[in-house]
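Topology and contacts: notes
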Amino acid sequence: METKLVTAIELRESGHLQESNEMLTHLVEEYPDHASIHYQCAWSYDLLGEERQAVFFYEKAIELGLSSEKLEDALLGLGSTYRTLGEYEKSKHIFLNGMETYPDNKAIQTFYAMTLYKSERTSQGDGNITELFN
């Protein structure tokens, strides 16, 4: 399993996105309780521009339990994917969770600010972008 996962990641890194995604999708079927495979599969769907499919795999990876480093990345990926889909409240919730868990992660803070901007929450008083960076 590890060899196949490494191969799928190498395929993605070398630009063979569809082939990597197909391999990861098969790995998810073979190992449905493996959080890292779900996370890698989510990432592959994101890269293919198939955000709706990515959401399921991000959520499942988080539910199954990821290492701290992968969880940090998965929260960033899921929050960003929700923002891309226009699901701003879900995005905001994920990023707030991420900022609470990883307060030094500037990328999560930045993407949260982007979510606030896109959802026009700053003009409604639900959040102040400048508060994030003080």
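Residues numbered from 1 in each chain as written. Predicted model: local features only at pLDDT ≥ 70, side-chain atom pairs only at ≥ 80, totals over all residues. Heavy atoms only, no water.

Comments concerning the pattern of salt bridges
Stated precisely, the cut-off is as follows: The rule for a salt bridge is simple: a side-chain nitrogen of Lys or Arg has to be within 4 Å of a carboxyl oxygen of Asp or Glu. The secondary structure listing takes helices from DSSP runs of H or I that are at least 4 residues long and strands from runs of E that are at least 2 residues long, numbered from the N terminus. Exposure classes here rest on a 1.4 Å probe applied to the protein chains alone. A residue is buried below 20% of its type maximum, exposed above 50%, and partly exposed in between.
Inspection of every chain in the model, using the stated rule, returns 4 salt bridges. Among the ionic pairs, Glu87 bridges to Arg52, the shortest N-O distance being 3.3 Å. Here the residue Glu87 occupies a position in the loop between helix 5 (68–84) and helix 6 (88–101), and Arg52 occupies one in helix 4 (residues 51–64), the gap between them amounting to 35 residues. Residue Arg52 is classed as exposed on the basis of its relative accessible area of 56%. One salt bridge in this structure joins Glu87 and Lys90, with 3.2 Å as the shortest N-O distance. A relative accessible area of 22% means that Glu87 is categorised as partly exposed. Look at the salt bridges and you will find they share partners, linking Arg52, Glu87 and Lys90 into a network.

Some thoughts on the packing of helix 2 (residues 17–30) against helix 3 (residues 35–47)
What describes two packed helices is the angle between their axes and the distance between those same axes. For clarity, the threshold we go by: Where helices are involved, their axes are fitted lines through C-alpha atoms of the stretch in contact, as for all axes, and angles between N-to-C directions lie from 0 to 180°. Note on angle classes: values under 35 degrees are labelled roughly parallel, values over 145 roughly antiparallel, values of 65 to 115 roughly perpendicular, and the remainder oblique. Crossing handedness is read from the near helix: turned anticlockwise from the far helix by less than a right angle, it gives a left-handed crossing, and turned clockwise, a right-handed one. Two residues form a contact once any of their heavy atoms are found within 4.5 Å. Put simply, Ala, Val, Leu, Ile, Met, Phe, Trp, Tyr, Cys and Pro go in the nonpolar bin, Asp, Glu, Lys and Arg in the charged bin, and everything else, Gly too, in the polar bin.
In the contact formed by helix 2 and helix 3, the axes pass within 9 Å of each other and the chain directions differ by 150 degrees. Here helix 2 lies roughly antiparallel to helix 3, going by the angle between them. Considering how the two elements wind past one another, helix 2 and helix 3 form a crossing that is left-handed. Between helix 2, through Leu17, Asn21, Leu24, Thr25, Leu27 and Val28, and helix 3, the contact on the second element is made entirely by Ile37, His38, Gln40, Cys41, Ser44, Tyr45 and Leu47. Split by residue class, the contact of helix 2 with helix 3 holds 8 nonpolar, 5 polar and no charged.

Focus on the side chain of Ser44
Going by this rule: In protein, a polar contact requires one atom able to donate a hydrogen and another able to accept it; more generally it is a pair of N or O atoms within 3.5 Å, and residues adjacent in sequence count only if both atoms are side-chain atoms.
The topology assignment puts Ser44 in helix 3. For Ser44, a relative accessible area of 3% translates into the label buried. A distance of 2.8 Å separates polar atoms of two side chains, one belonging to Ser44 and the other to Asn21. Filtering out sequence-adjacent residues up to four positions away, Ser44 remains in contact with Asn21 and Leu24.

Remarks on the environment of Ser67
Inspection of the secondary structure puts Ser67 in the loop between helix 4 and helix 5. On the accessibility criterion, Ser67 (42% relative accessible area) is partly exposed. As for Ser67 and Ser36, which are separated by 31 residues in sequence, their C-alpha atoms are 8.6 Å apart.

Focus on the packing of helix 6 against helix 7 (residues 106–119)
Between helix 6 and helix 7, the shortest axis-to-axis distance is 9 Å and the interhelical angle comes to 155 degrees. Judged on the interaxial angle alone, helix 7 and helix 6 are roughly antiparallel. As helix 6 packs across helix 7, the resulting crossing turns out to be left-handed. Between helix 6 and helix 7, the residues in contact are Tyr88, Ser91, Lys92, Phe95, Leu96, Gly98 and Met99 and Ile108, Gln109, Phe111, Tyr112, Thr115, Leu116, Lys118 and Ser119, respectively. Grouping the amino acids of the contact of helix 6 with helix 7 by side-chain chemistry returns 8 nonpolar, 5 polar and 2 charged.

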